[in-house]
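Now for the letters of each chain:
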Amino acid sequence: MTPSKSLELLAPLSGVLLALDQVPDPVFSSRVIGDGLCIDPTSQTLCAPLAGVISNIQDSGHALSVTDDNGVQVLLHIGLDTVNLAGQGFTRLVEEGQRVVAGQPLVEFDADYVALNARSLLTLMLVVSGEPFVLLVPDQGVVEEGQPLLRVSPGQASSEADEEEGDALFSKPLTLPNANGLHARPAAVLAQAAKGFSSSIYLHKQTQSANAKSLVAIMALQTSRGDSLQVSAAGTDAEAAIQALVALLLDGCGETVAAVEVAKPAAPVSSATLMRGVCASPGSAFGQVVQVAEPALNIPETGAGETFERAALARGLRAAAEALQALQAKAAGSAQAEIFRAHQELLEDPTLLEQAHGLLAQGKSAAFAWNSATLATAKLFEGLGKALLAERAADLADVGQRVLKLILGVPERSLDLPECAILVAEQLTPSQTAGLDTSKVLGFVTVAGGATSHVAILARALGLPSICGVPAHVLALANGKRVLLDADKGELHLEPDLAEIEQLQAVRQQQKLRLQREIAQASLAAITRDGHHVEVTANVASLQEVEQSLTLGGEGVGLLRSEFLYLDRNRAPSPEEQAGTYSAIARALGTERNLVVRTLDVGGDKPLAYVPMESETNPFLGLRGIRLCLERPELLREQFRAILASAGLARLHIMLPMVSQLCELHLSRRMLEEEALALGLTELPKLGIMIEVPSAALMADVFAPHVDFFSIGTNDLTQYTLAMDRDHPRLASQADSFHPAVLRLIASTVKAAHAHGKWVGVCGALASEPLAVPVLIGLGVDELSVSVPLIPSIKATVRELELVDCQLIARQVLGLEEAGQVREALRLYHAATVETSPVVEH
Ligand code: PEP
Ligand code: MG
């Protein structure tokens, strides 16, 4: 095309000019939609910056575009998040298709109303057709409506010619989940993604169609929530394009979409067709209901003589121990094996056995005595109201049933399962879960249980989607009923339609492909596109997990939760055994990798059977972590000695949990130095602290000179900053580590550490969230210590980012007001950067 003569764009408003980089909304500041400028308005009438045709005006009047005869297209967007005002405060003065002259009034708006009810009044003028331009005024300062601002060179837009070949392929209809339809932000994300494919792509709504690579065309479709849309594509990558764009649309194109919003208006999802629980293990499955009800056991109370019943109990216990040994041997992963080892420990528990023998001495039967002892102890655990002990109760009930059946001679029921079974139960026991035939079981749903239970851990290890905490009437569903389990959203759909099933399967397929690729590339370093290396290490609790982390590309251990090594023991491990454990782990890592051993973090929600503690009203605010260890210095000294035995086998680091005062660090260091001296060590391992209490974060500059490193425990830092118990079921969605308050504490910690030349890791669960990776990198975090299965994904995420972008997004989110806004901004950023690089593979 021959370039036409240049075109001047006039100021559409009077106000203060700002560079786009200063707009606190990444979808605009990242220029995903187009380049241009921003005005903080002092006038209230938006006027045409150029002559042309109104190519699109939103019903709500907050955004419109004008296209001139050379194809230059300019988008005007009044305010940020003004789509939520649904037209309130805006008066449209023109219609779509109308020809306008430069300077003509287009929309009047009530600046006071918009300023009070939307996020911002900042108004954008963007050249969305992509022509280059020059600024005719300084890039900051006051401008007058009608004043020439930009000189555009028409005809020079970068052309991305579409391939047009073969017949178009069409997706299945999908239901648009976005609360406000495809307005500017999601439309930009979709168009950006579509541009990544060479095929020509269209979005269809009833009889209307829009070029999916054109932001304006998508907006012109005037979609709303619940609209039925289809994607079509023609070209060599048509199939991949359809798959990716359908998945993106269903995911909200970067916007948060609540499950209920996916409902079609004609058939709203009601409680009759949907049951909600909590995600225990992610994924989704379509299959048939299989109810799992345990048969009632007939337990005689009176025994046939104490000697006889004692022998019966001993036989039952022995047989159970053998069965558990066999289960341990064939367990798929360390998590499973650990659970069965814990069950074996319970069989030897002196308190339980004492209770049972006491009842045998009173003439009760072995079955009755054992059952009463296990039930009483399980009840005691449950009644203490602590998540971890409640899980112990489930384990105890499981072991109890196993022994009971062996005493009574009731064979273990093997479920006769149909294909594609979705199990429904009041509660599955850990052994039932571990024994599930995954060729037939696709997932399960339980009334009881929690997201941190052993059953949930096992389900994740088996890759079985599952939800727990579902209302009890799920137990009344008929066997064979077809249901859709969407564990990611914690939902069980009772009347799924074909489109829903296929959409979910398409999303899953894409996730699976992505994961396969990430695992295949797990050994590559986590280096951003612009060359910044971030260390990705593992959070572990056993030697097996260390070994697994190395096969998944882990670069070391950023957090060894030492209290988990012996969580299920009734007796303290001997000093030799402790030293052996640490040395084996250090040896597995080798001298080139970091091993960060956290000293015992007992208390709070983590009682340790062999460290008896008095009950406390507020255990999370009580004798926890380093406080407890300093109260029992022998415990800490013994652990230091055991850890020091592994010095030289790996790059050893010792880390103190729950530090809130400088004196705790000083006291601990002195003890460590004394123990090292006694062992004849000439070199001390690195000593660092966890930053998980606000006082430590706020005084990081005071701590920094005295430590070798910090590792931020965002799980506790969030609970203590927001004053929300991390186990509180009703506060679970609010106790969010994406809260700007938590992020600001991370920012100041990093700043203080770097000022003293110390490195900072994050080992709380926030580091394992791909969405959080850009902000953590942008804040300067040096190491991400993540849960083992997520190592490949986190490394892949790092490789898709640019440090400079991360710094920008980090600065932006620190200024936001709440966690939801941070998540939303990061989702948009993620959609516009990470996900627009092609992810679909054949
Ligand atoms: C944390 O608090 O973020 C942390 C890593 O420690 P834990 O979860 O073991 O308390
Ligand atoms: Mg912690």
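- Identification of the protein chain as phosphoenolpyruvate--protein phosphotransferase from Pseudomonas khavaziana is taken from an unreviewed UniProt entry.
- What UniProt records for the protein chain under Catalytic activity (unreviewed entry) is the sentence "L-histidyl-[protein] + phosphoenolpyruvate = N(pros)-phospho-L-histidyl-[protein] + pyruvate".
- In UniProt, the protein chain has this text filed under Cofactor (unreviewed entry): "Mg(2+)".

### Quick look at the pairing of strand β34 (residues 759-762)
Two faces, one strand: in a regular strand the side chains alternate between the faces of the sheet.
Item 1. Pairing geometry for strand β33 (residues 709-712) and β34, over four bridges, is parallel. By the bridge assignment, F709 is partnered in β34 with W759.
Item 2. Relative to strand β35 (residues 783-787), β34 is paired through two bridges, and the arrangement is parallel. Residue pairing in the sheet places V762 in a bridge with L784 of β35.

### A few points about the coordination of the magnesium ion (ligand 2)
Item 1. Within the protein, the atoms that donate to the magnesium ion (ligand 2) are E692 (OE) and D716 (OD), at distances of 2.0 to 2.2 Å. Linking E692 in the loop between β32 (686-691) and α19 (694-698) with D716 in helix α21 (residues 714-722), this pair joins segments that are 24 residues apart in sequence.
Item 2. A residue is classified by how much of its surface remains accessible, and D716, at 3% relative accessible area, is buried.

### With respect to the sheet that holds strand β31 (residues 651-656)
Item 1. With parallel pairing, the eight strands of this closed barrel are ordered in space as β28-β29-β30-β31-β32-β33-β34-β35. Within the sheet, the average angular offset between the axes of one strand and its neighbour, ignoring direction, is 25°.
Item 2. Relative to strand β29 (residues 556-561), strand β28 (residues 535-540) is paired through three bridges, and the arrangement is parallel. Bridged to A538 within β29 is V557.
Item 3. Sheet strands in contact with helix α15 (residues 575-589) are β29 and β30 (594-598), and its direction is about 155° off that of β30.
Item 4. Across the sheet, helix α18 (residues 662-678) lies against β31 and β32, angled at about 150° from β32, the strand it touches most.

### With respect to the packing of aromatic side chains
Item 1. Tallied over the entire structure, the rule returns one aromatic pair.
Item 2. Measuring from ring centre to ring centre gives 4.8 Å for F709 and W759, while their planes differ by 10°; the resulting arrangement is stacked. In this pair, F709 sits in strand β33 while W759 sits in strand β34, placing the two residues 50 residues apart along the sequence.
Item 3. Looking at W759, the relative accessible area reads 23%, which means it is partly exposed.

### Structural notes on the nonpolar core
Item 1. Judged by nonpolar contacts, the single largest core of 92 residues is most densely connected at L595, F710, I746 and L784.
Item 2. The greatest single-element share of this core, amounting to eight residues, is contributed by helix α22 (residues 740-755).
Item 3. If we ignore the near neighbours within four places in the chain, the residues touching I746 are I712, T714, L766, L776, L779 and V781.
Item 4. Ranked by size, the runner-up nonpolar core spans 53 residues in total, among them F28, L190, I242 and C253.

### Side note on the sheet that holds strand β22 (residues 284-291)
Item 1. The strand order across the open sheet built from eight strands is β20-β27-β26-β22-β23-β24-β25-β21, with neighbouring strands paired in mixed fashion. Looking at the sheet topology across the chains shown, the edges are occupied by β20 (274-276) and β21 (278-281). On average, each strand axis in the sheet is inclined to that of its neighbour by 30°, with strand direction left out of account.
Item 2. Along the sheet, helix α13 (residues 498-520) makes contact with β22, β26 (482-486) and β27 (491-493), crossing β26 at roughly 40°.

### Observations regarding α18
Item 1. Helix length check: α18, at 17 residues, gives a terminal C-alpha distance of 25 Å against a target of 24 Å (1.5 Å per residue), a fit within 8%.
Item 2. For α18, the full list of buried residues reads E664, L665, S668, M671, L672, E675 and A676. Projected down its long axis, α18 shows its buried positions confined to an angular sector of 135°, all on one face. Residues L677 and A678 are exposed on α18 and point more than 90 degrees away from its buried face.
Item 3. For α18, the elements touching its buried residues are α16 (626-631), α17 (633-644), β31, β32 and α20 (700-703).
Item 4. Positive backbone phi, at 75°, marks G680, one or two positions downstream of α18.

Definitions and limits used
Residues numbered from 1 in each chain as written. Chains lettered and ligands numbered in written order. Predicted model: local features only at pLDDT ≥ 70, side-chain atom pairs only at ≥ 80, totals over all residues. Heavy atoms only, no water. UniProt positions renumbered as here; feature names shortened; annotations may be inferred. Pairing = 2+ DSSP bridges. Helix = DSSP H or I, 4+ residues; strand = E, 2+ residues; numbered from the N terminus. Donors = N, O, S within 2.8 Å, 3.2 Å for Na, K, Ca; no water. Buried < 20%, exposed > 50% of the residue type's maximum accessible area, 1.4 Å probe, protein only. Axes fitted to C-alpha atoms, helices over the stretch in contact; angles between N-to-C directions. Contact = heavy atoms within 4.5 Å. Phe/Tyr/Trp six-rings, centres within 6.5 Å; stacked < 30°, edge-to-face > 60°. Core = buried A, V, L, I, M, F, W, Y, C linked by side-chain atoms within 4.5 Å. Expected span 1.5 Å × (residues − 1). Arc of directions from axis to C-beta.

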